[in-house]
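# Overview (structure and organization)
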There are 2 protein chains.
Amino acid sequence: MRVLPHPSVGDLRLTEILRALSDPVRLEIVVRLAAAGELTCTGAGHDLGVHKSTASHHYRTLREAGVVMTKQEGRLNYMSLRRDDLEARFPGLLASVLSSASRADPEPTAPGGDTGPAAARVPAGADAGR
Amino acid sequence: MRVLPHPSVGDLRLTEILRALSDPVRLEIVVRLAAAGELTCTGAGHDLGVHKSTASHHYRTLREAGVVMTKQEGRLNYMSLRRDDLEARFPGLLASVLSSASRADPEPTAPGGDTGPAAARVPAGADAGR
DNA sequence: CGTATAGTTGGATCGTTGTCAAACAATTAG
DNA sequence: CTAATTGTTTGACAACGATCCAACTATACG
């Protein structure tokens, strides 16, 4: 059974974590993990609207950033958030991101009913010479 | 006097904000703004280790993500964090990122002594075997 | 006016990233 | 063993992003 490399707590980099969370697909995965606790890749990637391999790359990005932990059991990979590690290194960060994610508009990720709030356009009347 | 376009509060996107904060140079700028309240571009970009125009592009990224507000006065551009707007849309997010940034290793951004809180090196002895 | 200051804009370059498709690997079921 | 399930890896490709340089705009100062 292969052991996937995870960064240790001391190696967690704020910018890499923010970067990992800044993709709609990955953020959705993180939100699902926060709700479910532990998911297989299939569970976490269900209806994400991206190809299986794309999702796999996102799992890797999240893992290498230290956001998730992946445990391989048989043919299933169980993913979970590294809540404690993240909390130890960056207290409150994950919680506030998750809380923000629940307040955010549904990102264009899951096809199920995220038609969006009719695109409130920016005023932007003052367009300066662009 | 030109008015730069800023996204309205309702248009703030979590992933774009996280993306804007996920660059070491931009995060450093944000940290400086948090400490100073308001800075000119020259002030915010002092000793960042990047070219003037690169910094300018970062200002734009931060502005378009809704993280900073830029006010033009004469030939100076004053930048400040959109604390209230960010707090209204994503409560606690900015605070936790700033708090995390102060805990983080000094990113390879400011070579010399920056205005920040006392660059403390982390031991980083425990390597997870990557 | 001419010059200095403050910052933006527009290439150009080069590395990174998100995506899909197809092949592959590993485990489990028949 | 054969096939199905689960996920990764590799390759290709377009899009993005960070950077520098040069040119440009706009204000201020002499």
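Residues numbered from 1 in each chain as written. Chains lettered and ligands numbered in written order. Predicted model: local features only at pLDDT ≥ 70, side-chain atom pairs only at ≥ 80, totals over all residues. Heavy atoms only, no water.

The name that an unreviewed UniProt entry assigns to chain A is Metalloregulator ArsR/SmtB family transcription factor, with the source organism given as Nonomuraea antimicrobica.

### Re the protein's contact with DNA strand C
Selection rule: Throughout this document, a residue counts as near a molecule or strand when at least one of its heavy atoms sits within 4 Å of that molecule or strand. Pairs of N or O atoms are called polar contacts if they sit within 3.5 Å, as long as, within protein, a hydrogen donor faces a hydrogen acceptor (for residues adjacent in sequence, only side-chain-to-side-chain pairs).
Near DNA strand C, the surroundings consist of 25 residues, among which H51(A), S53(A), H58(A), T42(B) and S56(B) are the closest. When atoms of DNA strand C within 4 Å of the protein are split into backbone and base, the sugar-phosphate part holds 66%. Contact between DNA strand C and S53(A): a base nitrogen at 2.9 Å from a side-chain N or O atom of the residue. Here a phosphate oxygen of DNA strand C sits 2.4 Å away from a polar atom, N or O, in the side chain of S56(B).

### Concerning unusual backbone geometry
Heads up, the rule is: A run of H or I in DSSP counts as a helix once it spans at least four residues, and a run of E counts as a strand once it spans at least two, with each numbered from the N terminus.
Positive phi values are uncommon outside glycine, yet D47(A) reaches one of about 60°. Tracing the backbone through its elements, the reader meets D47(A) in the loop between helix 3 (41-45) and helix 4 (52-65).

### Let's talk about the pattern of salt bridges
Residues and elements named next belong to chain A. Rules: When a carboxyl oxygen of Asp or Glu lies within 4 Å of a side-chain nitrogen of Lys or Arg, that pair is called a salt bridge.
The tally for this structure, following the rule as stated, stands at ten salt bridges over all chains. Between R82 and D85 there is a salt bridge, with its nearest N and O atoms 3.0 Å apart. Several salt bridges share partner residues, and in doing so they unite E38, K71 and E73 into one network.

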